[in-house]
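Commentary on secondary and tertiary structure
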Amino acid sequence: MFKTIREHLERNRAELEDIKLYFQKCADEIDRTNLYMLRKACMWTSIVFIGMLFLSKILIPRYTLTLGHCLMIPLLVFFFIVNIYTRNKTQISDSATTALCLLFYFSLFMDFILIEISVEPVHPSRWFPLLLIIFPALYVDRQYKYGLEETFIVVIYCLITYFGKGPVQFYRDLYTVLAAYILSMIISRVILGTRSKQGLYMLELKRYSSMDKLTHIYNKAALLSEIKHYLTRRRGDSPCAMSVIDVDNFKQVNDSLGHGGGDQLLERVGQLLVSNFRPSDIIGRFGGDEFIVFMPNMKDAKLIDLRCRSLQMQLAGFDLGNNVPFSLSIGTIVDEGMHSQDDLFRLADDALYLSKIAGKNCSKCWVADEDVELSKPVLVFLTSLGEEKAKLLPDNEIDRFRIFATMSDDEAIKYLCQYQSAVKIIVVEVNEKTCTGEMVIKYAKTREKFAGIPILAVASNEEGESRAKELGADVVLITSQPGKVFKDTIGELTKTK
């Protein structure tokens, strides 16, 4: 006997854990279910209400409409409009869903109470206990919340019945309502147990179908869906980050080790991604040898860079017998400006391209602030002069452009990528000793989408001038030339003098 009781308690505890997990992992599905049931409840309540009024007029002599009947009509009309709105709305917040559902069911309870009080004050309560029993089937909520919600409405019912029907009818109805309340709690427990098992099963089935079978992380469709879901729901002050990771020379790996070796390498990359990033991060295989890690609520660029470099070092130690270390090129964008999904992918891919042309096995990380409002064409200016950039440009040229001045190639390329559609010219100071400026020219000249942006290189000597021309700068000027030459050159390159 004690063994049976213990087994029952263990099963009950396991079921409670499933219910708890169900509400944690299936919140969106619960919201969709509640909105669906709200639409159905509104529709069938309208049909049954109209049908009962019609039958009552035929079968019951001297049947009259009461305040409760009259209030039911605007209530159903209002929620009919709400249902049309929610059906066409792609996303409804948790709090809005809860408020809409509870408001409807509370209003329904109150209408039934008013109808029973006004139409049949001496007859036993029928509609209210029935609605109390079926409430858990119409609305998905936690067990303790069912208790609080139904306790609240029962207290209101008791107060209205006591003063509206009198003590004798009140005690008779109280017995019926308490019995309905207990049945409702039992039904809610049974329904929640069943729903949690079904919900978690469907979640596991969905998770399995969304996994890449080789690397055991999200496939492309599931990855994009999860990222879109987060970006749709995130608040304005929530940063995020995205890393695009590409296996260097993967075709050569397939050629030298065969597709089996390539598959082992990809599987290892998937394992390292899972172990190096947070459980809350969205990790997936975008296609072929390209992977993406999306990091919600992440703004620490140094921490991301540390993880990426750790990932590269761990993969370098992976050996498939070819005695050649494997490497990764990584491009990361930390978004602090509420950029769209397309912008995040574009900027992260641009950062990856920079890693590739920097020699592969590199990791580049940019922080993208909120886009500034542009009323002027953009001039990206790379110079070591800092605030003294005016020495290289006449005053009227500074006023004509929205200038993004930087002191590093990485930052100049970031601005070039972030504002690519508005960039009219790139001015680069080439330093042959530090190689500053060379990467900007190389990057802009090797990417087709920047082919139409002219580059004005500024060199301090003939050696720098020669290097800038070799890299493909459209025009090269010496810093000692007069300001008018700069002004005319910029006017010619931007087609506006």
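Refer to the structure printed above.
What you see is a predicted model, and the numbers here were worked out from it, not measured in a lab. Position numbers for residues count from 1 along each chain, tracking the sequence in the order it is written. Reporting in this predicted model follows two pLDDT cut-offs: at least 70 for local features of residues, and 80 or more for side-chain atom pairs to be given and counted; totals over whole chains, interfaces and linings ignore these cut-offs and use all residues. Excluding hydrogens and water, the side-chain values take into account all heavy atoms of the structure.

**Some details on the side chain of Asp141**
Comment: elements are numbered from the N terminus, with helices defined as DSSP H or I runs of at least four residues and strands as E runs of at least two. The residue Asp141 is located in the loop between α5 (127–138) and α6 (143–165) in this model. No salt bridge forms around the buried Asp141; measuring N to O, its nearest opposite-charge neighbour Lys145 is 4.4 Å away. Contacts are assigned to residue pairs with any non-hydrogen atoms lying within 4.5 Å of each other. When residues no more than four places from it in sequence are discounted, the contact partners of Asp141 are Phe23, Tyr146, Glu149 and Leu192. For every residue, the accessible area (1.4 Å probe, protein chains only) is compared with the maximum for its type, and the residue is labelled buried under 20%, exposed over 50%, or partly exposed between those bounds. For the purpose of charge, His is not counted, nor are the chain termini; Lys and Arg are scored as positive and Asp and Glu as negative. Within this document, salt bridges are pairs made up of a side-chain nitrogen of Lys or Arg and a carboxyl oxygen of Asp or Glu, the two lying within 4 Å of each other.

**Structural notes on the sheet that holds strand β9 (residues 455–459)**
Taken in spatial order, the 5 strands line up as β7-β6-β8-β9-β10 in an open sheet, and their pairing is parallel. Single-partner strands in this sheet number two, and they are β7 (402–406) and β10 (475–478). The mean inter-strand angle of the sheet, taken between neighbouring strand axes irrespective of direction, is 20 degrees. Two strands make a pair as long as DSSP finds a minimum of two bridges between them. Looking at chain direction, β9 and β10 are connected through 4 bridges and run parallel. Across the sheet, residue Ala457 finds its bridge partner in β10, namely Val476. Strands β6 (378–382), β8 (423–430) and β9 of the sheet are contacted by helix α14 (residues 438–446), whose axis makes an angle of about 145 degrees with β8. Contacts from helix α15 (residues 462–471) reach β8, β9 and β10, with the element oriented near 170 degrees to β10. Axis lines are fitted through C-alpha atoms, for helices just across the contact stretch, and the angle between N-to-C directions can take any value from 0 to 180 degrees.

**Notes on the packing of aromatic side chains**
What describes a pair of aromatic rings is the distance from one ring centre to the other and the angle between the planes of the rings. Here a Phe, Tyr or Trp ring, Trp counted by its six-membered ring, pairs with any other such ring whose centre lies within 6.5 Å, and the pair is stacked when the planes are under 30 degrees apart, edge-to-face when over 60, and tilted otherwise. On inspection of all chains with the given rule, the structure shows 23 aromatic pairs. Ring geometry for Phe104 versus Tyr105: centroids 5.3 Å apart, planes at 70 degrees, classification edge-to-face. We note that Phe104, like Tyr105, is buried. An aromatic cluster is built from Phe78, Phe79, Phe104, Tyr105, Phe109, Phe128, Phe135, Tyr139, Tyr146 and Tyr157, whose rings are joined through pairwise contacts. Sitting over the ring of Phe286, Lys220 keeps its end group 4.6 Å from the ring centre. The criterion for a charge sitting over a ring is simple: Lys NZ or Arg CZ within 6 Å of the ring centre, and within 35 degrees of the ring normal. Stacked on the ring of Tyr353, the Lys or Arg Arg447 has its end atom at 4.2 Å from the ring centre.

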